[in-house]
Amino acid sequence: MMAVPGRLAILLLAAAIALPAALPDGAAAEDGLARCRDEAARGLTAACQHALLDRPRDPELHALLGQAYFAGGFYGEGLQSLRRAIAVAGGAAEYRYRFAGYAALINEYAQAAAELEQVVGMQPDHVQAWSLLADCYRYLRDHPRALHATRRAAELGNAAEAYALATRYGSGDGVARDSRLERQWLEQAARLGYVAAMQDLAALYAAGRADLPPNPARQRYWENAARQAAN
């Protein structure tokens, strides 16, 4: 499975921390949220469940409870809590995106893609959602939709998706081979700091092609750029 920037590592279950008994209402709510967040990262659910007794309509608490379940390895319960976060947030894009990230983490690509389609419908420039959606459709082997999402993420400035689009045009994977577009997307990915694109451009300018004579100056430029970016 391709990596999606921002996915949380699954951590080992640790010992629970008790909540303090008496704080002013506002301070208690903030303290409950802070403890929920802290324990969720360690796979502990008690603090989030306790906070939800007082604030059952708080989507962040439901989302953190979902995170806690995932960190503890309880994926079904985690997705249920994340679904609840979406519901109490009125379908907000933020929580749909978070659900999708966790669903993709356990290879539930169809569920993730369904939520991501909602996200990009609400926020057409959400580059991370387009990139994750491209990943999901690649794994689902939905090539037309994967290409569309890849192109959109590349247009919005995602370097990895720009490189993926370049390789498609270079190989003819799902598109007509086009060396001009291959080079265009390689250049974009390279300008965004993608080292593999810099290396490919250096090789391209070293060997040349029928439509592009060798260019030692450009070769050296991208070789140097790749070395600097890798360090």
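Before going into details, it helps to say that this report is about the structure given with it. (Residues numbered from 1 in each chain as written. Predicted model: local features only at pLDDT ≥ 70, side-chain atom pairs only at ≥ 80, totals over all residues. Heavy atoms only, no water.)

### Section: the packing of helix H7 (residues 127-139) against helix H8 (residues 143-155)
Packing of H7 against H8 leaves a shortest axis separation of 8 Å and a crossing angle of 155°. It follows that H7 is roughly antiparallel to H8 by the angle criterion. As H7 runs across H8, the sense of the crossing is left-handed. Across from Val 127, Trp 130, Ser 131, Leu 133, Ala 134, Tyr 137 and Arg 138 in H7, the residues of H8 making contact are Arg 145, Ala 146, His 148, Ala 149, Thr 150, Arg 152 and Ala 153. (Axes fitted to C-alpha atoms, helices over the stretch in contact; angles between N-to-C directions. Helix = DSSP H or I, 4+ residues; strand = E, 2+ residues; numbered from the N terminus. Parallel < 35°, antiparallel > 145°, perpendicular 65-115°, else oblique. Left-handed = near helix turned anticlockwise from the far one by under 90°. Contact = heavy atoms within 4.5 Å.)

### Some remarks on unusual backbone geometry
One non-glycine residue, Asn 107, lies in positive phi territory at about 70°. By the secondary structure assignment, Asn 107 is in the loop between helix H5 (93-105) and helix H6 (109-122). Judged by its relative accessible area of 47%, Asn 107 falls in the partly exposed class. One non-glycine residue with positive phi stands out, namely Arg 141, at about 60°. Among the secondary structure elements, Arg 141 is positioned in the loop between H7 and H8. (Buried < 20%, exposed > 50% of the residue type's maximum accessible area, 1.4 Å probe, protein only.)

### Regarding the pattern of salt bridges
This structure, assessed with the given rule, holds 15 salt bridges. The residue Arg 35 makes a salt bridge to Asp 31 at a minimum N-O spacing of 3.2 Å. A residue pair is termed a helical-turn pair when its members lie 3 or 4 positions apart in one helix, as Arg 35 and Asp 31 do in helix H1 (residues 25-40) at 4 residues. The exposure class assigned to Arg 35 is partly exposed, which follows from its relative accessible area of 25%. As a salt-bridge pair, Arg 98 and Glu 94 come within 3.2 Å of each other at their nearest N and O atoms. (Salt bridge = Lys/Arg side-chain N within 4 Å of Asp/Glu carboxyl O.)

### A word on the state of the cysteines
For the structure on display, the rule yields 1 disulfide. The disulfide partner of Cys 36 is Cys 48, and the S-S distance across this bridge is 2.0 Å. An S-S torsion of about 95° defines the bridge between Cys 36 and Cys 48 as right-handed. Of this pair, Cys 36 sits in helix H1 while Cys 48 sits in helix H2 (residues 46-54), and the two are 12 residues apart along the sequence. Accessibility assignment for this pair places Cys 36 and Cys 48 in one class, buried. (Disulfide = S-S within 2.5 Å.)

### Observations regarding the packing of aromatic side chains
Scanning the model with the defined rule gives 5 aromatic pairs in all. A centroid spacing of 5.2 Å and a plane angle of 45° characterise the contact between Phe 70 and Tyr 75, whose relative ring orientation is tilted. Note on Phe 70: relative accessible area 1%, which makes it buried. Consider the rings of Tyr 221 and Trp 222, whose centres lie 4.9 Å apart with planes at 85°: the pair is edge-to-face. Through pairs of rings, three or more aromatic residues link up here, namely Phe 70, Tyr 75 and Tyr 102. The ring of Phe 99 carries Arg 83 above its face, with NZ or CZ at 4.1 Å from the centroid. (Phe/Tyr/Trp six-rings, centres within 6.5 Å; stacked < 30°, edge-to-face > 60°. Lys NZ or Arg CZ within 6 Å of the ring centre and 35° of its normal.)

### What to know about the nonpolar core
If you look at the biggest cluster of nonpolar residues, it comprises 30 residues, and the most contacted ones within it are Leu 82, Leu 116, Leu 132, Leu 133 and Cys 136. Listed by contribution, the elements that provide at least two residues to this core are helix H3 (59-71), helix H4 (75-88), H5, H6, H7 and H8. Looking at this core, the element that brings in the most residues is H5, giving 8 residues. The contacts of Leu 116, once residues within four sequence positions are left out, are Tyr 97, Ala 100, Ala 129, Leu 132, Leu 133 and Cys 136. Within the second largest apolar cluster, 23 residues are counted, among which are Tyr 163, Trp 185, Ala 202 and Leu 212. (Core = buried A, V, L, I, M, F, W, Y, C linked by side-chain atoms within 4.5 Å.)

### Here's the deal with the environment of Arg 37
Within the secondary structure, Arg 37 sits in helix H1. Setting aside its immediate chain neighbours within four residues, Arg 37 contacts Glu 60 and Leu 64.

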